[in-house]
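Survey of secondary and tertiary structure
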Amino acid sequence: MTSNKKKKFYQKEGFRIRLILFLVMIAVSLIIVTPYVWMLSNSFKSTKETLVDASHLLPKDPTLDGYRKVLFDSPFFYWLRNSLIITVSDTVIILFTSTILGFLFSRFEFRGKRFLFMMLLFTMMVPAQVTMITKFILIDRIGLYDNLLALIIPAIVSAFGVYLCRQYCDEIPRELLESARIDGAGHFQVYIHIVLPQIRPAIGSLAIFTFLEIWNDYLNPLLYLSSTNKQTLPLALSFFSSQHQTDLSATMAASALIMIPTSIVFIVFQKQFIKGIAMTGMKG
Amino acid sequence: MKKGNRRFLLLVLVPCFAEVFVFLVLPIIGTCLISFMEYNPLHSENSFVGINNYVRLLHDQSFFKAMGNTLVFTFSAVAINIVLALAMAVAISQFESNRTRSFFRMMVFLPCIAPMVASAVVWLRSLYEPRGGMFNALLRAFGLDGISWVGDARYLMISVIIFTLWADIGYNVILFSAGIDGIPGNLYESARLDGAGRWQLFRMITLPLLGRTTTFILLMTLISYFQMFAQFQIFAPKEGPQQSGLVMTGYIYKQAFVNKEMGYAAAISMALFAVILVVSALQQRINRVDWEY
């Protein structure tokens, strides 16, 4: 009797707390989306209307002028292309080198293995600010300044990626690899047919993590890319907004064009995203 | 078999570690060396000047300003970030429906998808705008005067911290959530049977079992906040009023790439590296003490 009462009390109390938490989280969510709503609303206003009243939620006279200005009066498609080239090639290359090096460090014995691995981990601890000065001089000397390759070539190996993949390779059952070897498969075939499928979760989360990091990167493009047509989206936006100080609708249209597509991809694949991001932390 | 081993190893290791050496290891050594030089990329000759650059640091007001701002930003933003992220992760874990949980996780992570500069531009023009901005509209609604969010040395850092929390806290909420999901449910069951309330469950089970997760998150957030740069470029493009928006990365960038004083910039970056190392070592030590207890 008493325990039943107690249980009921807990459920009731639990309900009340959950309701409060729910309302709090709804409020938090509203705070999170407010800037997005404001951005979208102003991107559809005319320049004149944004000057008179930027805080009004619904545009009085919706127009696509802002978007037109960004898409046709600025090299937006160049920026998009550059961002895509850099991000996709970096992500693909990093996935390849991370998985194969992870496999190597997990399953092979060779002289200097510990040393190489420690060296790799050490580079992870050094902040970008330390390496960027010499890296800039290097890139400048080999003639890659203001070239998209300046953002691809130095990013071929990711210490974090190798570390993550090695952790997962350690968990592949020994017999699986050995039986493949007995069947006469070469190391590269074992890598393709056994290792890659076995560490698929790590590949997924590394892909998401790397893609986001490079797509959103600001510092490296700022250092190595200078001409307008060679910039990436985040870098170009910071210039665009300072050039169009008075033109709020164009700036907001540009921001929306940069933020909305990736946000939609995220919302569609949110489960995989969140799982992937969570995994980078658990194994790290 | 042995031969195949060797060829495969060399084929993978040589190109990869050539890359690691040239673009990761060499720059560390290079910056170390350059910090003892007067190095201007436009000059054909650059000479060693001993520890001059480091001596200059000690007399440089802007350096101390940048260091101070970076420390204030990092410690306050990280502290608030960790507490709020943990609170939100725990709050989200209380909901029974899977759907509700993933909905809120998605919401808090949404800003992390956008490039920080893009979000900062939106905030600058919407919430922080002094005239028609939303924050000032809110203040006025309560009968207060609007303030200059990014134009006033007193408020700039607070504004950057608020923005950074909005833009970045989602990562840590997700990481804490994963940590909470990893705690075995039967621990809670048995504690609840013993009559423990929600707060006790949190204090006695969740918090201690999240120790490792917290250590990891704290360290990663500290290191990354020490290097924050993009949002300062947007909110304080000219270092902000009275240099209140000058942080280490911004100062290194300015010395190296605007003033072309790469030797001096290298010395500043070594100082930043030293601070990060000391803080991470301290943090590790404090946490170890915590564990033993």
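Residues numbered from 1 in each chain as written. Chains lettered and ligands numbered in written order. Predicted model: local features only at pLDDT ≥ 70, side-chain atom pairs only at ≥ 80, totals over all residues.

Turning next to the overall build of chain A. Looking only at helices and strands, chain A features 15 helices and zero strands. Relative to its length of 284 residues, chain A is extended, with a C-alpha radius of gyration of 25 Å against a globular reference of 19 Å. By the burial criterion, 41% of the 284 residues in chain A qualify as buried. The long-range share in chain A, meaning contacts at least 24 apart out of those at least 6 apart in sequence, stands at 75%. (Helix = DSSP H or I, 4+ residues; strand = E, 2+ residues; numbered from the N terminus. Rg over C-alpha atoms; globule rule 2.2 N^0.38 Å. Buried ≥ 20, exposed ≤ 12 C-beta atoms within 10 Å, placed from the backbone. Contact = placed C-beta atoms within 7 Å.)

The next point concerns the overall build of chain B. For chain B, the count of helices and strands is 13 helices and two strands. Whereas a compact globule of 293 residues would reach a radius of gyration of roughly 19 Å, chain B reaches 24 Å, over 25% beyond that. When its C-alpha atoms are laid out on the principal axes, chain B stretches across 75 × 75 × 35 Å. Every one of the 293 residues in chain B was classed for burial, and the buried ones make up 40%.

Attention now goes to the interface of chain B and chain A. Contacts between chain B and chain A engage 71 residues on the former and 65 residues on the latter. Counting residues per element, the side of chain B that touches chain A draws most heavily on helix α1 (residues 2-34) of chain B, which supplies 17 residues. When its residues are assigned to classes, the side of chain B that touches chain A shows 55 nonpolar, twelve polar and four charged. (Nonpolar A, V, L, I, M, F, W, Y, C, P; charged D, E, K, R; others polar.)

Another aspect to go through is the environment of Tyr168(A). Residue and element names in this part refer to chain A. Among the secondary structure elements, Tyr 168 is positioned in helix α8 (residues 159-169). On the neighbour-count criterion, Tyr 168 (23 C-beta atoms within 10 Å) is buried. When sequence neighbours within four positions are dropped, the list of residues in contact with Tyr 168 reads Ile 199 and Ala 202.

Attention now moves to the nonpolar core. Core analysis: the largest hydrophobic core is formed by 149 residues, its most contacted members being Leu237(A), Val117(B), Ala120(B), Ile174(B) and Phe235(B). Looking at this core element by element, the count peaks at 13 residues for helix α7 (residues 156-181) of chain B. Once you skip the residues sitting within four places of it in the chain, Leu237(A) turns out to touch Ala254(A), Ser255(A), Ile258(A), Val117(B), Ala118(B) and Val121(B). (Core = buried A, V, L, I, M, F, W, Y, C linked by C-beta atoms within 7 Å.)

What follows is about helix α10 (residues 187-198) of chain A. Residue and element names in this part refer to chain A. Residues of α10 that are buried: His 187, Val 190, Tyr 191 and Val 195. Burial along α10 is one-sided: seen end-on, the buried residues are contained in an arc of 100 degrees. With respect to the buried face of α10, the exposed residues turned more than 90 degrees away are His 193 and Pro 197. (Arc of directions from axis to C-beta.)

Not every positive phi belongs to a glycine, and Asp146(A) is a case in point at roughly 60 degrees. Looking at the element boundaries, Asp146(A) is found in the loop between α6 (128-141) and α7 (149-152). Its 15 C-beta neighbours within 10 Å are what place Asp146(A) among the partly exposed residues. One non-glycine residue, Lys260(B), lies in positive phi territory at about 60 degrees. In this structure, Lys260(B) sits in the loop between α12 (248-258) and α13 (262-292).

Assignment of secondary structure puts Val37(A) in helix α1 (residues 2-43). The spatial distance from the C-alpha of Val37(A) to the C-alpha of Leu57(A) is 8.1 Å, given a sequence separation of 20 residues.

Moving on, we get to the packing of helix α4 (residues 98-113) of chain B against α7(B). Residue and element names in this part refer to chain B. Following both chains from N to C, one finds α4 and α7 inclined at 135 degrees, their axes separated by 6 Å at the closest point. With respect to α7, the axis of α4 lies oblique. Judged by the twist between their axes, the crossing of α4 over α7 is left-handed. Residue-level contacts link Arg 105, Val 108, Phe 109, Leu 110, Pro 111 and Cys 112 of α4 to Trp 166, Ala 167, Asp 168, Ile 169, Gly 170, Tyr 171, Val 173, Ile 174 and Ser 177 of α7. Residues of the contact of α4 with α7, tallied by class, amount to eleven nonpolar, two polar and two charged. (Axes fitted to C-alpha atoms, helices over the stretch in contact; angles between N-to-C directions. Parallel < 35°, antiparallel > 145°, perpendicular 65-115°, else oblique. Left-handed = near helix turned anticlockwise from the far one by under 90°.)

Turning our attention to the packing of helix α13 (residues 233-243) of chain A against helix α5 (residues 116-125) of chain B. It is at 8 Å that the axes of α13(A) and α5(B) come closest, and there the two elements cross at 25 degrees. When the axes of α13(A) and α5(B) are compared, the pair comes out roughly parallel. Across from Pro234(A), Leu237(A), Ser238(A) and Ser241(A) in α13(A), the residues of α5(B) making contact are Val117(B), Ala118(B) and Val121(B). Split by residue class, the contact of α13(A) with α5(B) holds five nonpolar, two polar and no charged.

Any link to function would need more than the numbers given here.
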